[in-house]
Amino acid sequence: MKILVTGGLGFIGSHVVVELQEQGYEVIAVDNLSNTSKEVVDQIASITGVQPTFEELDLREKESVVNFFDRHNDIGGIIHFAASKAVGESVENPLLYYENNVNALVLLLQQVQDRELGFIFSSSCTVYGQADELPITESAPIKPAESPYGNTKQIGEEIIRDTCRVKPNLSAIALRYFNPIGAHESAKIGELPLGVPQNLVPYITQTAIGVREQLSVFGDDYPTRDGTAIRDYIHVVDLAKAHVAALQRLIEKSANDNFEVFNVGTGTGSTVMEVVRAFEKSTGQPLNYKIVDRREGDVVAAYAQTDKAQRVLGWKSKYSLEEALASAWAWEQQVRSRKN
Ligand code: WQD
């Protein structure tokens, strides 16, 4: 069965392509290369021994998208990663996010709405905003989005839900990621550092390797055990395996509802300082950091209740925070050695 992975050369997409190939799926990856590079195809092949089919494709270009699906009518599943994902950038440039994350999704669904296939949507825990109860369950209320990025994920889930309601041949799962970190053990794929990292862990590894001067810890006056904000950091390979488990459920058609939502996290919250200390412990690299003011829009705490994914998908995260951070460090060292 051929599986289409949009954004398949991206950070999470590339890790999912590896896991799919290792489970024997035939994969076709598409990407517009706006936030990655084509060499990722070769890196994936060097890990799995199988060259994924790759086509450069921008899902905002209707003619190209229609042409793609005219040529590929044997796709059994779609895993849709292609989207813009920087929260801050989405505030500055909302229309870019609504075009790339919403218009493109509509265009994609219009091509496949009458086909019999499974569709997995890359959603995010940002849909919960600051949840009233922790850990966060899938039935937690969806809060007004804190950014256009988060809004595109909420809208995306609603578009898919409404489409599945009238298209019984289409079955979909939205995976609400918590905080993906780390890299494949081979250190051949990871989060490509393009520009100044917005996320904590790439900023930590770039500080440790000397690309950044000092990590700024955004606030230590939160109502948490050490004053810094809490998140659920999940190894990207654990996250990738959750996609394979979700795909298998869609292929088996074992769900009685053709639209389901699952949290994908570890179920454990870590403060920013706990991540800093865990990084220093697992890598032996002391970290230069300072405490600064809170970042606008950050929630105090978010970590997942993961029982549903375990019960229904038979999936649970396996890597520890230290293992994930060590893999992020190995990737950073690999990236820098390739650049020199
Ligand atoms: C984590 C914690 C920061 C950087 C966002 C998106 C989410 C997903 C992951 C795309 C927070 C603190 C960070 C730094 C810091 N993205 N921090 N210094 O904001 O939880 O989630 O990225 O899918 O959708 O919302 O992740 O890594 O930016 O921040 O102190 O230099 O680290 O304040 O508490 P976040 P993050």
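Keep in mind that this is a model prediction, so the values were computed, not measured. (Residues numbered from 1 in each chain as written. Predicted model: local features only at pLDDT ≥ 70, side-chain atom pairs only at ≥ 80, totals over all residues. Heavy atoms only, no water.)

Draft legend 1. Looking closely at the overall build of the protein. Broken down by element type, the protein carries 11 helices and 13 strands. Relative to the compact-globule value of 20 Å for 340 residues, the protein shows a C-alpha radius of gyration of 19 Å, a close match. Viewed in the frame of its principal axes, the protein has a C-alpha envelope of about 55 × 45 × 40 Å. Sorting the 340 residues of the protein into buried and exposed places 55% on the buried side. Once local pairs closer than 6 in sequence are excluded, the contacts in the protein between residues at least 24 apart make up 80%. When the accessible surface of the protein is summed, it comes to about 14800 Å², and 46% of that surface belongs to carbon and sulfur atoms. For the protein, the distance from the average position of its 32 positive side-chain charges to the average position of its 45 negative side-chain charges is 1 Å. (Helix = DSSP H or I, 4+ residues; strand = E, 2+ residues; numbered from the N terminus. Rg over C-alpha atoms; globule rule 2.2 N^0.38 Å. Buried < 20%, exposed > 50% of the residue type's maximum accessible area, 1.4 Å probe, protein only. Contact = heavy atoms within 4.5 Å. Areas by Shrake-Rupley, 256 points an atom, 1.4 Å probe, with all protein chains shown as cover. Lys, Arg positive; Asp, Glu negative; His and termini not counted. Charge placed at Lys NZ, Arg CZ, Asp CG, Glu CD.)

Draft legend 2. Spatial organisation of helix α6 (residues 148-166). If you check α6, its first and last C-alpha atoms are 27 Å apart, about what 19 residues at 1.5 Å a residue would give, namely 27 Å. Every buried residue of α6 is accounted for by Pro 148, Tyr 149, Gly 150, Thr 152, Lys 153, Gln 154, Gly 156, Glu 157, Ile 159, Ile 160, Thr 163 and Cys 164. On its buried face, α6 sits against α4 (87-92), α5 (94-112), β5 (117-124), β6 (170-177) and β11 (259-264). (Expected span 1.5 Å × (residues − 1).)

Draft legend 3. Focus on helix α2 (residues 39-48). Counting buried positions along α2 yields 7 of 10 residues, so the element is predominantly enclosed. Within α2 the residues assigned to the buried category are Val 40, Val 41, Gln 43, Ile 44, Ala 45, Ile 47 and Thr 48. Tucked into the core, α2 has its buried residues touching α1 (11-22), β3 (53-56) and α11 (321-339). Positive backbone phi, at 80°, marks Gly 49, one or two positions downstream of α2.

Draft legend 4. Representation of the site of the ligand in the model. Contacts to the ligand come from 19 residues, most closely from Tyr 149, Leu 200, Ser 216, Arg 231 and Asp 298. A distance of 3.0 Å separates an oxygen atom of the ligand from a polar atom in the side chain of Ser 124. In the environment of the ligand, an oxygen atom lies 3.4 Å from a nitrogen or oxygen atom belonging to the backbone of Gln 198. Bound to the protein, the ligand loses 90% of the 680 Å² it would expose on its own. (Near = heavy atom within 4 Å. Polar contact = N/O pair within 3.5 Å; in protein donor to acceptor, adjacent residues only side chain to side chain.)

Draft legend 5. A look at the environment of Gly 190. Looking at the element boundaries, Gly 190 is found in the loop between β7 (179-181) and α7 (200-209). Judged by relative accessible area, which is 8%, Gly 190 ranks as buried. Here the alpha-carbon distance between Gly 190 and Ile 12, two residues 178 residues apart in the chain, equals 8.1 Å. If we ignore the near neighbours within four places in the chain, the residues touching Gly 190 are Phe 11, His 15, Ala 183 and Trp 331.

Draft legend 6. Focus on the nonpolar core. Core analysis: the largest hydrophobic core is formed by 40 residues, its most contacted members being Ile 12, Leu 20, Leu 175 and Trp 315. Residue assignment for this core shows that the elements contributing at least two residues are β1 (2-6), α1, β2 (26-31), α2, β6, α8 (236-252), β11 and α10 (307-313). Top contributing element to this core by residue count: α8, with 10 residues. Non-local contacts of Ile 12, meaning those with residues more than four positions away in its chain, are made with Phe 81, Tyr 177, Pro 180, Val 236, Leu 239 and His 243. Of all hydrophobic cores here, the second largest spans 28 residues; its members include Leu 105, Val 112, Ala 172 and Val 261. (Core = buried A, V, L, I, M, F, W, Y, C linked by side-chain atoms within 4.5 Å.)

Draft legend 7. Region of interest: the packing of aromatic side chains. Counting across every chain of the model gives 3 aromatic pairs. Ring geometry for Phe 68 versus Phe 69: centroids 5.2 Å apart, planes at 80°, classification edge-to-face. The same class applies to Phe 68 as to Phe 69, namely buried. For the cation-ring pair, Arg 294 lies above Tyr 222, with the distance from its terminal atom to the ring centre recorded as 4.1 Å. Directly above the ring of Phe 262 sits Lys 308, whose terminal nitrogen or CZ lies 4.8 Å from the centroid. (Phe/Tyr/Trp six-rings, centres within 6.5 Å; stacked < 30°, edge-to-face > 60°. Lys NZ or Arg CZ within 6 Å of the ring centre and 35° of its normal.)

Draft legend 8. Structural context of the sheet that holds β5. Spatially, 7 strands are ordered β3-β2-β1-β4-β5-β6-β11 in an open sheet, and the strand pairing comes out parallel. Lying at the two open borders of the sheet, with one neighbouring strand each, are β3 and β11. Strand-to-strand twist of the sheet, defined as the mean angle between neighbouring strand axes without regard to direction, takes the value 20°. Along the sheet face, α5 touches β1, β4 (75-80), β5 and β6 and points at about 170° away from the line of β5. Sitting on the sheet, α6 is in contact with β5, β6 and β11, with an inclination near 155° to β5. (Pairing = 2+ DSSP bridges. Axes fitted to C-alpha atoms, helices over the stretch in contact; angles between N-to-C directions.)

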